[in-house]
Every structure is written in C-alpha cells, then in structure tokens.
Amino acid sequence: MEETSLLCLLFLSSLPVSTTNQARLTVSPSSSQVFKRDFVSLSCEEDDSSAGWTLRRNTTTEQRTQCGTDWGEAAGFSCVISYIVTKDSGVYWCESREGATSNSINLTVSGGTVILQSPVLPVMEGDDVTLLCKTKATPSILSATFYKDGSLIRTESTDHMTIHNVTRSDEGLYKCYIGSHGESPSSWITVTEKPTTTAPPTSGAPPPKEIPQTSGAMPSPPLSSLHLVLRLVCHLVVFCPYFISTLLMVSLCRHRPTGHHLVSMVTSPSHPGKAE
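Residues numbered from 1 in each chain as written. Predicted model: local features only at pLDDT ≥ 70, side-chain atom pairs only at ≥ 80, totals over all residues. Heavy atoms only, no water.

### As for the overall build of the chain
Counting its secondary structure elements, the chain contains three helices and 19 strands. Taking all 276 residues of the chain together, 30% fall into the buried category. In the chain, once contacts between residues fewer than 6 apart in sequence are set aside, the share between residues at least 24 apart is 62%. Summed over its atoms, the accessible surface of the chain is roughly 18600 Å², and 59% of this surface lies on carbon and sulfur atoms. (Helix = DSSP H or I, 4+ residues; strand = E, 2+ residues; numbered from the N terminus. Buried < 20%, exposed > 50% of the residue type's maximum accessible area, 1.4 Å probe, protein only. Contact = heavy atoms within 4.5 Å. Areas by Shrake-Rupley, 256 points an atom, 1.4 Å probe, with all protein chains shown as cover.)

As structure tokens, this is what we get:
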C-alpha cells in the first residue's frame with residue numbers, strides 16, 4: 001500500500017510541466033517526510049512579485065488546489081499548515097497567474113513513529129548527503145538501518161548516515177528502520193549533473209604584451225625591418241661571388257692578344273735577296 005501511494009505521488013509530480021526560474025519553492029522543516037500533526041511552512045521565493053505567485057498541490061484525492069482556499073493559511077507568498085495530516089501528502093509547487101510553475105516538492109506525512117529526513121530538493125553530483133532516521137517516540141540516539149531500492153545499505157550505530165561525493169548511481173528510493181520502532185516511509189532522492197563551467201567569450205583580440213626595456217638600450221627594430229635587412233644580406237652574399245668572377249673574366253679578356261695580330265706577324269717578313 002505504501003509503495004502504491006508513493007508511485008501515485010511520483011506520477012502526480014509530473015503533472016505541472018511548465019517550469020520557470022523566477023520562483024523557488026522551499027519547505028520548513030527542510031525534509032521530504034514529516035510526522036502527522038507537525039507544523040509545516042511552504043514559501044515561494046520569487047524574483048517578480050507582480051507575477052502573483054500562489055501555492056498549489058496535487059494529492060491522491062484532489063488536483064491543483066490552492067492554498068488558503070482549499071487547504072492551509074496563505075500569508076503573502078507563503079502557506080502555513082499548522083496541523084498537517086496524512087491526506088496532505090502530495091506534490092506542492094508555486095504557480096503564477098500566467099501558469100508558469102516553480103520546482104515541485106514531494107511531501108510525505110507519516111502517521112507512524114519513524115520518518116526519514118532526506119533532501120526535499122535534488123542534490124548535485126559531488127555533494128555530501130546526510131540521511132536522518134528520526135523517531136517520534138524518544139529523542140535519544142538509536143542505531144538505524146538504511147535501505148536503497150529495497151536493498152540493505154548498512155546499519156549505523158547512530159541515527160544518521162552520510163553519503164559522500166554522490167553520483168547518479170546514488171539516485172533512488174530510500175527508507176530506514178529502527179528496531180522496536182519500525183520503518184519509515186520511502187522517499188525518492190534525485191541527483192543532478194554538476195554544471196560545466198566555460199570560459200566567457202572575449203570581446204576581441206588581447207592587446208600585445210609590452211616588452212620592458214632597460215634604460216639606455218636601443219629598441220629592437222620592428223619585425224618587418226629586420227626581415228628586409230636579412231633578405232638584403234642574403235642577396236649580397238649570393239650576388240657578390242658572381243659579380244667578382246664576372247669582373248675577373250672581363251679583365252682577362254681585355255688583356256689577352258687576339259688571333260688577328262698573330263697572322264699579321266707571320267705574313268709580313270721581308271723577302272731575302274730583294275734589292276731595295
């Protein structure tokens with residue numbers, strides 16, 4: 001019977017589907033389970049007071065009923081249930097006049113002597129979560145046994161258990177048991193992914209970093225001027241050997257006797273025995 005009621009509540013929690021970040025529902029005491037006849041206060045923490053936020057709920061017997069009209073006492077954007085009963089178990093949320101809704105809270109009212117105080121809101125990956133097994137019969141600390149999805153987790157010598165560095169695998173249905181007092185109702189714990197942080201986009205390229213200069217030192221030439229100087233030196237290194245070899249060849253050619261002069265020297269001797 002208990003599991004069937006819990007499944008009904010989980011189904012009812014999916015009915016409000018339009019969510020907004022303008023309001024956030026909180027509950028005091030901050031627990032997903034409370035004892036019958038306890039005092040409970042629910043509040044809409046909102047950013048826009050002109051939206052006209054009201055508290056509504058779904059239970060196994062009524063749908064979308066409003067605080068102050070059908071149940072509880074309205075006080076601004078808060079709702080007080082001074083004497084809560086088991087039929088008040090259900091899903092609670094804030095709703096604006098336009099129909100936007102906040103986060104929802106599953107609240108279980110127990111008529112027994114043991115409850116499990118667990119987070120009413122989703123917990124984030126990496127956080128630590130403490131579950132408190134509380135009994136109404138005695139304020140003394142008793143050993144408690146904790147279960148998840150019907151399977152034994154462990155037995156603690158105290159009334160609480162801490163889950164360190166929770167992950168998505170820790171999401172599930174939890175309950176506890178105290179010997180001679182009984183067990184608590186079951187409550188679902190939701191684990192959300194940790195948001196990833198991204199670096200903000202820059203508006204433009206960062207300014208060039210200035211290089212400090214010592215006093216009296218000559219500033220280094222710009223990169224473009226240095227590049228031109230290096231190219232000029234390379235051209236001179238390559239061009240000079242060709243220029244020098246060309247000058248030497250021209251000089252040798254100018255001082256070398258030609259073939260015409262040699263022929264004239266051979267063919268112009270005087271004939272022997274010819275009278276002058």
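### Re the packing of aromatic side chains
One pass over the structure, following the stated rule, counts one aromatic pair. For the pair W71 and Y92, a centre-to-centre distance of 5.4 Å together with 85 degrees between the ring planes defines the contact as edge-to-face. Pair noted here: W71 is in the loop between strand 5 (65-66) and strand 6 (73-75) and Y92 is in strand 8 (residues 90-95), with a separation of 21 residues, a long-range link. With respect to burial, W71 and Y92 carry one shared label: buried. Geometry around Y147 places K175 over its ring, the cationic atom sitting 5.9 Å from the centre. (Phe/Tyr/Trp six-rings, centres within 6.5 Å; stacked < 30°, edge-to-face > 60°. Lys NZ or Arg CZ within 6 Å of the ring centre and 35° of its normal.)

### Side note on the sheet that holds strand 4 (residues 54-58)
Within the open sheet, the five strands sit side by side as 2-9-8-4-5. Their pairing is mixed. This sheet does not close on itself; its edge strands, each paired only once, are strand 2 (33-35) and strand 5. Where strand 4 lies against strand 5, two bridges are found, and the strand directions are antiparallel. The residue of strand 5 that forms the bridge with R57 is T65. (Pairing = 2+ DSSP bridges.)

### What about the pattern of salt bridges?
The final tally for this structure, using the stated rule, is nine salt bridges. The partner of R57 in a salt bridge is E62, with the nearest N and O atoms 2.8 Å apart. Judged by relative accessible area, R57 falls into the buried class, the value being 3%. Overall, E62 belongs to the partly exposed group, its relative accessible area being 22%. The shortest N-O distance in the salt bridge between E193 and R168 comes to 3.5 Å. Taken as a pair, E193 in the loop between strand 19 (191-192) and helix 2 (223-255) and R168 in the loop between strand 15 (160-163) and strand 16 (172-178) lie far apart in primary sequence, 25 residues in all. With relative accessibility at 57%, the residue E193 sits in the exposed group. Exposure remark for R168: the relative accessible area of 40% places this residue in the partly exposed category. (Salt bridge = Lys/Arg side-chain N within 4 Å of Asp/Glu carboxyl O.)

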